[in-house]
Amino acid sequence: MKQMLAFYKKPWVCILSLCLFFGCKEESTMQELLKKASKEHFFTPENDYASSVKVAYFDSIIKTVPANKKSSLNLLKAEALLYAGKTKRAIDILEPLWDRRLNGPINYDLEPREEEKIGPLLAVAYLRMGEQQNCLHHHEASASCIIPIDPKGYHHAKEGSRKAIVMFEKMLSYNSHDFNSRWLLNIAYMTLGEYPDGVPEKWVIPESVFKSDYPLKKFRDIAPKLGLNINELSGGIVVDDFNNDDLLDVLVSSWFPSHLLRYFVNNGDGNFTEKTQTAGVTEIGGGLNMVQADYNNDGFLDVFVLRGAWLGKLGKHPNSLLRNNGDNTFTDVTIEAGLLSFHPTQTATWADFNNDGWIDLFIGNESEPNNIHPCELYINNGDGTFSNKTKSAGLTVSDAHNAYYVKGVTTVDFDNDGWMDIYVSNYKTSSKNLLFKNTGMDEVGEIHFKEVGTSIGIGETFSSFPTWSFDYDNDGWMDIFVAGYKRSGYGDPISADITKEYLGFPHQAETMRLYKNNGGTFSDVSSEVGLNKIGYAMGANYGDLDNDGYLDIYLSTGETGFESIIPNRVFRNSYGKTFQDVTTAGGFGHLQKGHAVSFSDIDNDGDQDIHVVMGGAFEGDNFFNSVYENPYQNENSWVKFILEGTKANRSAIGSKLAITIIEAGQERVIFHSIGSGGSFGSSTLRAEIGLGKASEIIKLELTWAGSGTRQIFENIKLNTFYKIIEGNPQIKEVYLRPIPM
């Protein structure tokens, strides 16, 4: 029996078993597995997101059905064309159907629910046509997609918005409580420069609702100048130093399997060079999210790519572990590392759960009734391989846990005991969120977890999505943020709820949660701090907008529908007491779909810039990524550290910093934990810390994750970048020249 168990612990045996189960060959490579998953589980008519495939499918069956069935199929084809980006062809089908509905003859071959779809689809198609002709084809006028739209962003090609206005006003004449049409009507008028005066008074959304709570400086989008304005779909991002030249590089994904991972190397002169074709990633496409860590402690950051999210039974796509070879190339080592699995996911977190100096991996998977995909805990063996310890660690406590539709995971040492715990955000309204306390090692060296969320005030049952842990009030205890993700009614677009919130009407959409850590227990302080608002975020992350030493929030908002053109939202942390909406003041209110977010100082000037992956899920919902240049480089002080673990994991993930400063004559402590931030988008693992109006740094107290090594450093200068090696009492100053962007 022991020999049999030992046999099955070998990674290649597990791989062979998986291959047999999923019908692949023993010698299958990751490239072959990805191609197989793409063909069988993505580009198929059963996948709602593969719109072009669905168009071809409808074309094939329309030819064979009786005449009284063609209108119904043409309506479905028009919807698929719209979501495939073939807007003009969709309009050519929808216009005659709409004319028949208004003027006859009656569409006897359409059911009432189908007839009701024609008008909204045509209106959105007109609006989308305007977006394509202006926002996409003339992207230099990027202001056309930032709310409130300024004159530089007014549409030059006006037909789309004009026709959309006619449609939305017609639908509002039928139903004055159609808040979705009201929102889109105001947006259409904005694109023409006729808002608010041109909007009929009874349907206008007042300008005052968009006013920011604080006069944050304007951030400008410099992605086109940097060559980073990739025009693709929803995806992940990692901004970090992949080649160890002290400059931050960029790795971006787009979730379609046919889309490449894009790798950009920072030249240090204000330009990036794309190295995708030579980086070894051209056969490793797709991926909705990515997270980085140095899994093999060789000094180079590696990347884990997550796939299969939102696809249900079609979600059996393998993730990829990309080993960084140190020369701007990557190798997919998923199979040999023992990480090959086939589950729908977009979220994972790295941490040294057993405190052995090697970084481990927890993956949150999406389960539904009759389609169970348990979460996975992989413990690093220290030899380049991982072992699945999910069951023995107590992370599959019952079938109920396995049925959770996990959309976000984050690690947090919530009780400051030196063991990394796990918080799990679940999308389904019937599932509570979970906090697994790490109880440490047993007598045979196995790690264990216990679910304690409900007992400590954080096990709420609600629909949520991205999450993270951070110390928002600088009290030394890690707090937890999670964004709600549920609209008021099934089938209602979220833009209707956003409109209600702006106008002060009641709604049933889910709101954000901020759980304050009271020293091992939590309290929901969302209302108290002003975050009891609709977040509806997909990607999200935190960072310091103005280097004041308090961590702020960026939410990339939206949903799959084309009518979901709602602004991304940004909240400034005011002294750890309240959060202020600074969306419009900062120029962040992008109306296109937002996904992964990274806060990282790409120009080495001391403040954090923000990189946002834009674009939706459907193949026609592409848009340009944004890079917002931070204007606060001369406003407040800062300090930056890059940590190198020796007993701790090499990338120092989970290590804690406490910086004591003098500000306005008083001592103040700022806390920071090493990590990539939110659960959708990865910031640099460097510690980039704003210090407010600090006149001096008294000391840095550093606790290394896993090893527990504690070091204290003094004589640290303001506005300086340092490298710290665990155990070395000497701190090394690194000179980084600010890069003119």
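Source: prediction; values computed, not measured.

Chemist: Before we go on, may I ask you to explain the overall build of the protein in this structure?
Modeler: Helix and strand content of the protein: 15 helices and 38 strands. For a compact globule of 741 residues, the expected C-alpha radius of gyration is about 27 Å, and the protein comes in at 26 Å, within 12% of that figure. Each of the three principal axes of the protein carries a C-alpha extent, and together these read 85 × 70 × 50 Å. The buried share among the 741 residues of the protein stands at 62%. Contacts spanning at least 24 positions in sequence make up 61% of the contacts within the protein whose residues lie at least 6 apart. If you sum the accessible surface of the protein, you get close to 27,400 Å²; carbon and sulfur atoms cover 51% of it.

Chemist: Explain the sheet that holds strand β14 (residues 386-388) here, please?
Modeler: Within a sheet, adjacent strands bond to each other through the backbone by hydrogen bonds, running parallel or antiparallel. Strand order in the open sheet formed by four strands is β11-β12-β13-β14, with antiparallel pairing between adjacent strands. In this open sheet, the two strands that pair with only one neighbour each are β11 (345-351) and β14. Averaged over all adjacent pairs, the angle separating strand axes in this sheet is 25°, with direction ignored.

Chemist: I would appreciate a short explanation of the nonpolar core in the present structure.
Modeler: For soluble globular proteins, nonpolar side chains are generally found buried alongside one another. Counting 92 residues, the largest nonpolar core has Trp-183 and Trp-255 as its most contacted members. At nine residues, helix α7 (residues 112-136) tops the list of elements feeding residues into this core. Not counting the four nearest positions on each side in its chain, Trp-183 is found in contact with Ile-147, Ile-205, Phe-210, Ser-495, Ile-498, Thr-499, Tyr-502, Ile-565, Ile-566, Pro-567 and Leu-591.

Chemist: Explain the pairing of strand β13 (residues 376-380) to me, please; I cannot follow it from the model alone.
Modeler: A regular strand carries its side chains on alternate faces of the sheet. In terms of burial, β13 is a largely internal element, five of the five residues being buried. Because side chains alternate across β13, one face comprises the buried residues Glu-376, Tyr-378 and Asn-380, and the other comprises Leu-377 and Ile-379, equally buried. Pairing of strand β12 (residues 360-365) with β13, which is carried by three bridges, proceeds in the antiparallel orientation. Across the sheet, the residue bridging to Leu-361 is Tyr-378, located in β13. Here β13 runs beside β14; their pairing, made up of three bridges, is antiparallel. Of the residues in β14, the one forming a bridge with Ile-379 is Ser-387. What sits between β13 and β14 in their antiparallel hairpin is a turn of five residues, with Gly-382 showing a positive phi close to 80°.

Chemist: Any chance you could explain the UniProt feature "domain: ASPIC/UnbV" (unreviewed entry) in the protein here in plain terms?
Modeler: Under the UniProt annotation, "domain: ASPIC/UnbV" (unreviewed entry) lies at residues 652-722. Along residues 652-722 the backbone is 0% helical and 55% strand, and the end-to-end C-alpha distance reaches 14 Å.

Chemist: Can you walk me through the confidence of the model for the protein in this structure?
Modeler: Low-confidence regions, as indicated by low pLDDT, have predicted coordinates that should not be scrutinised in detail. When the pLDDT values of the protein are averaged, the result is 92; 94% of them are 70 or greater. Low pLDDT (under 50) marks residues 1-26, which in the prediction has 23 contacts with non-local residues, meaning those over four places away or in another chain.

So, how was this worked out
- Residues numbered from 1 in each chain as written.
- Predicted model: local features only at pLDDT ≥ 70, side-chain atom pairs only at ≥ 80, totals over all residues.
- Heavy atoms only, no water.
- Helix = DSSP H or I, 4+ residues; strand = E, 2+ residues; numbered from the N terminus.
- Rg over C-alpha atoms; globule rule 2.2 N^0.38 Å.
- Buried < 20%, exposed > 50% of the residue type's maximum accessible area, 1.4 Å probe, protein only.
- Contact = heavy atoms within 4.5 Å.
- Areas by Shrake-Rupley, 256 points an atom, 1.4 Å probe, with all protein chains shown as cover.
- Pairing = 2+ DSSP bridges.
- Axes fitted to C-alpha atoms, helices over the stretch in contact; angles between N-to-C directions.
- Core = buried A, V, L, I, M, F, W, Y, C linked by side-chain atoms within 4.5 Å.
- UniProt positions renumbered as here; feature names shortened; annotations may be inferred.
- pLDDT = per-residue confidence, 0-100.

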